[in-house]
Amino acid sequence: MPTPPSPVENPRRQQIRREAARLFAARGFLGVGVDEIGRAVGISGPGLYRHFAGKDAMLADLLVGISERLLDEGRRRVDEAVDAPAALDALLQGHIDFALDESALITLHDRELLHLPDEERHRVRSLQRQYVELWVGVARDSFPGLGADARAAVHAVFGLLNSTPHSAAGQSGDLADRSAMAALLHRLALGALGAAAGS
């Protein structure tokens, strides 16, 4: 039975999500009002309520959504890989793309997770734990010497990759710079896992 096509995301909703993430990351969740988000996308603040129940709902959508996306994409990449090293490479490429292309969401997560209601915050934490465990299994298969250190090593790699909003701040943003940064992050991440495994 064929898989039904994914529903097409409302372009206005995508635009609101993107601008809300940018504004929240730049000035903090509490420092941005609904009217300001509306101005950024060319509609009135109250007009946003046709797309989101409020500012809290925007934050939840952003943080839960990216956690779901990382886990779903990570699982897909692992399922399609021919072996453990290929799976690790695919996970690295996916997370590096996320870190380079969506740095506002990393900043948002670091600073604003506490503003989520308990249910959504627990959902984000649960999704993150599953994502970590996916990486841990692949890292252990790729570097058998990791053993009990695998989880700590994976968290260290995430720290390295998720520091990109800071380390890439001086980059010009052109394709060559992005490719160079992606290659550097890939080498550093593999080097960190290899060092932790003693290889």
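Whatever comes next refers back to the structure up there.
Reading the values: the criteria
Within any chain, residue numbers begin from 1 and follow the written order of that chain's sequence. A pLDDT threshold of at least 70 governs which residues receive local features in this predicted model, and a stricter bar of 80 or more applies before side-chain atom pairs are shown or counted, although totals over entire chains, interfaces and linings include all residues. Here the side-chain values reflect all heavy atoms present in the structure, with hydrogen atoms and water set aside. Burial classes follow relative accessibility: with a 1.4 Å probe on protein chains only, a residue under 20% of its type's maximum area counts as buried, one over 50% as exposed, and anything between as partly exposed. Strands here mean DSSP runs of E at least two residues long; helices mean DSSP runs of H or I at least four residues long; both are numbered from the N terminus. Residues count as neighbours in contact if any of their non-hydrogen atoms are within 4.5 Å of one another. Under this definition, polar contacts are N or O atom pairs within 3.5 Å; protein pairs additionally need one hydrogen-donor-capable and one acceptor-capable atom, and for neighbouring residues in sequence, both atoms have to be side-chain atoms. Only buried residues count toward a nonpolar core, which is a set of Ala, Val, Leu, Ile, Met, Phe, Trp, Tyr and Cys residues joined through side-chain atoms within 4.5 Å. The axes used here are C-alpha line fits, helices contributing only the stretch in contact, and every angle between their N-to-C directions lies in the interval 0 to 180 degrees. Orientation categories follow fixed angle ranges, with anything under 35 degrees roughly parallel, anything over 145 roughly antiparallel, 65 to 115 roughly perpendicular, and all other angles oblique. Under the scheme applied, nonpolar residues are Ala, Val, Leu, Ile, Met, Phe, Trp, Tyr, Cys and Pro; charged residues are Asp, Glu, Lys and Arg; polar residues are all the others, including Gly. Stacked, tilted and edge-to-face are the three classes applied to pairs of Phe, Tyr and Trp rings, where Trp contributes its six-membered ring and a pair requires centres within 6.5 Å; stacked means planes under 30 degrees apart, edge-to-face means over 60, and tilted covers the rest. Geometrically, a charge over a ring is one whose NZ (Lys) or CZ (Arg) sits within 6 Å of the ring centre while staying within 35 degrees of the ring normal.

1. So, helix α2 (residues 34-41)
Part 1 of the reasoning: When we look at burial in α2, the residues that qualify are V34, E36, I37, G38 and V41.
Part 2 of the reasoning: Those residues of α2 that are buried are in contact with α1 (11-27) and α3 (55-80).
Part 3 of the reasoning: Once α2 finishes, G42 follows within two positions and takes phi at roughly 80°, a positive value.

2. Quick word on the side chain of H95
Part 1 of the reasoning: Relative to the assigned elements, H95 resides in helix α4 (residues 84-101).
Part 2 of the reasoning: The buried category is assigned to H95, whose relative accessible area is 3%.
Part 3 of the reasoning: Of the polar contacts made by the side chain of H95, one reaches the side chain of Y131; its length is 2.8 Å.

3. Notes on the nonpolar core
Generally speaking, nonpolar side chains in soluble globular proteins are found buried as a group.
Part 1 of the reasoning: One finds F24, I37 and W135 to be the most contacted residues of the largest nonpolar core, which totals 58 residues.
Part 2 of the reasoning: Secondary-structure elements contributing two or more residues to this core are α1, α2, α3, α4, α5 (103-112), α6 (118-142), α7 (150-162) and α9 (175-197).
Part 3 of the reasoning: The contacts of F24, once residues within four sequence positions are left out, are F29, V32, I37, K55, M58, L59, L62, L108, R111 and E112.

4. Some thoughts on the packing of α4 against α5
Part 1 of the reasoning: Look at α4 against α5: their axes get within 5 Å of each other, and the N-to-C directions meet at 85°. The orientation of α4 with respect to α5, classified from their angle, is roughly perpendicular. In this structure, α4 contributes F98, A99 and D101 to the contact, and α5 contributes S103, L105 and I106.
Part 2 of the reasoning: In the contact of α4 with α5, the residues fall into 4 nonpolar, 1 polar and 1 charged.

5. Considering the environment of G28
Part 1 of the reasoning: Structurally, G28 can be placed in the loop between α1 and α2.
Part 2 of the reasoning: When its relative accessible area of 10% is taken as the criterion, G28 is described as buried.
Part 3 of the reasoning: Between the C-alpha atoms of G28 and E112, which are 84 residues apart in sequence, the distance is 7.4 Å.
Part 4 of the reasoning: In this view, G28 contacts L23, R111 and E112; residues no more than four positions away in its chain are not counted.

6. Some remarks on the packing of aromatic side chains
Part 1 of the reasoning: Taken as a whole and judged by the stated rule, the model has 4 aromatic pairs.
Part 2 of the reasoning: A ring pair is formed by F24 and F29, whose centres lie 5.2 Å apart and whose planes are at 70°; its orientation type is edge-to-face.
Part 3 of the reasoning: On the accessibility criterion, F24 (0% relative accessible area) is buried.
Part 4 of the reasoning: Summarising the aromatic geometry, the rings of Y131 and W135 are spaced 6.2 Å apart at their centres and angled 70° between planes, so their arrangement reads as edge-to-face. Residue Y131 and its partner W135 are both found in helix α6; the two are separated by 4 residues, about one turn of the helix.
Part 5 of the reasoning: Over the ring of F52 we find R13, and its NZ or CZ is 4.1 Å from the ring centre.
Part 6 of the reasoning: One residue, K55, lies across the ring of F29, its end atom 4.5 Å from the ring centre.

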